[in-house]
Amino acid sequence: QVQLVESGGGLVQPGGSLRLSCAASGTIYSIKTMAWYRQAPGKQRELVAIISNIGNTNYADSVKGRFTISRDNAKNTVYLQMNSLKPEDTAVYYCNARVLDYGLGEDDYWGQGTQVTVSS
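This report concerns the structure included in the present document.

Criteria and thresholds
- Residues numbered from 1 in each chain as written.
- Predicted model: local features only at pLDDT ≥ 70, side-chain atom pairs only at ≥ 80, totals over all residues.
- Heavy atoms only, no water.
- Pairing = 2+ DSSP bridges.
- Helix = DSSP H or I, 4+ residues; strand = E, 2+ residues; numbered from the N terminus.
- Axes fitted to C-alpha atoms, helices over the stretch in contact; angles between N-to-C directions.
- Core = buried A, V, L, I, M, F, W, Y, C linked by side-chain atoms within 4.5 Å.
- Buried < 20%, exposed > 50% of the residue type's maximum accessible area, 1.4 Å probe, protein only.
- Contact = heavy atoms within 4.5 Å.
- Disulfide = S-S within 2.5 Å.

To continue, consider the sheet that holds strand E7 (residues 67-72). What the four strands build is an open sheet, ordered E1-E3-E8-E7; its pairing is antiparallel. Every interior strand has two partners, whereas the edge strands, strand E1 (2-7) and E7, have only one. Each neighbouring strand pair of the sheet contributes to a mean axis angle of 15°, computed without reference to strand direction. For E1 and strand E3 (residues 18-26), the ladder comprises six bridges, and the chain directions are antiparallel. Along E3, the bridge assignment pairs Ser7 with Ser21.

In this section: the nonpolar core. Of all hydrophobic cores here, the largest spans 30 residues; its most connected members are Met34, Trp36, Leu80, Met82 and Tyr93. Residue assignment for this core shows that the elements contributing at least two residues are E1, E3, strand E4 (30-39), strand E5 (46-52), E7, strand E8 (77-82), strand E9 (91-100) and strand E11 (114-118). A total of five residues in this core trace back to one element, the largest contributor, which is E9. Apart from residues no more than four positions distant in its own chain, Met34 is found in contact with Cys22, Ala24, Ile50, Ile51, Ile69, Asn76, Thr77, Val78, Cys95, Asn96 and Ala97.

Attention now goes to the pairing of E4. Two elements, E4 and E9, share nine bridges in a ladder whose sense is antiparallel. Each bridged residue has a counterpart across the sheet, and for Ala35 the counterpart in E9 is Asn96. The pairing of E4 with E5 spans six bridges and is antiparallel. Opposite Trp36, over in E5, you have Ala49 as the bridge partner. Between E4 and E5, which pair antiparallel and follow one another directly, the connecting turn spans six residues, one of which, Gly42, has a positive phi of 80°.

What follows concerns the environment of Ala60. With respect to the helices and strands, the residue Ala60 is situated in the loop between strand E6 (57-59) and E7. Taking the relative accessible area as the measure of exposure, Ala60 reaches 15% and is therefore buried. Every residue in contact with Ala60, bar those within four places of it in the chain, is listed here: Leu47 and Val48.

Time to look at the state of the cysteines. Under the criterion given, the structure shown has one disulfide. Between the sulfur atoms of Cys22 and its disulfide partner Cys95 the distance amounts to 2.1 Å. Residues Cys22 and Cys95 are joined by a disulfide whose S-S torsion is about -85°; by sign, that bridge is left-handed. One end of the pair, Cys22, is in strand E3; the other, Cys95, is in strand E9, with 73 residues separating them in the sequence. Residue Cys22 is classed as buried on the basis of its relative accessible area, which comes to 0%. Assessed through its relative accessible area of 0%, Cys95 is described here as buried.

These figures come from the coordinates and say nothing about function on their own.
What follows is the structure, encoded as structure tokens:
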């Protein structure tokens, strides 16, 4: 009943920038948090950044000072601004939303993933 649609991935050179977007739609009572995860081949999926409904944020140490997560609660949309990109940022990036539904259930929903490749 909840769909997350991602956009904004692509191929960039080291030092470049990308902005990822993720919009949630469907039957939602509230969204507690929205987050970005990433997974590179042969590695575990890791949390990149997370933001609460009141704007509290947390970042992986590897992206602090380079990435910024933000949200538009009215649009149920989360963004990830990625600056000073490095080859080690190459991964599939997944949007996540922790949602409360009308039946008082709490579930994690995931976007389809978008490829970010940083290479010269």
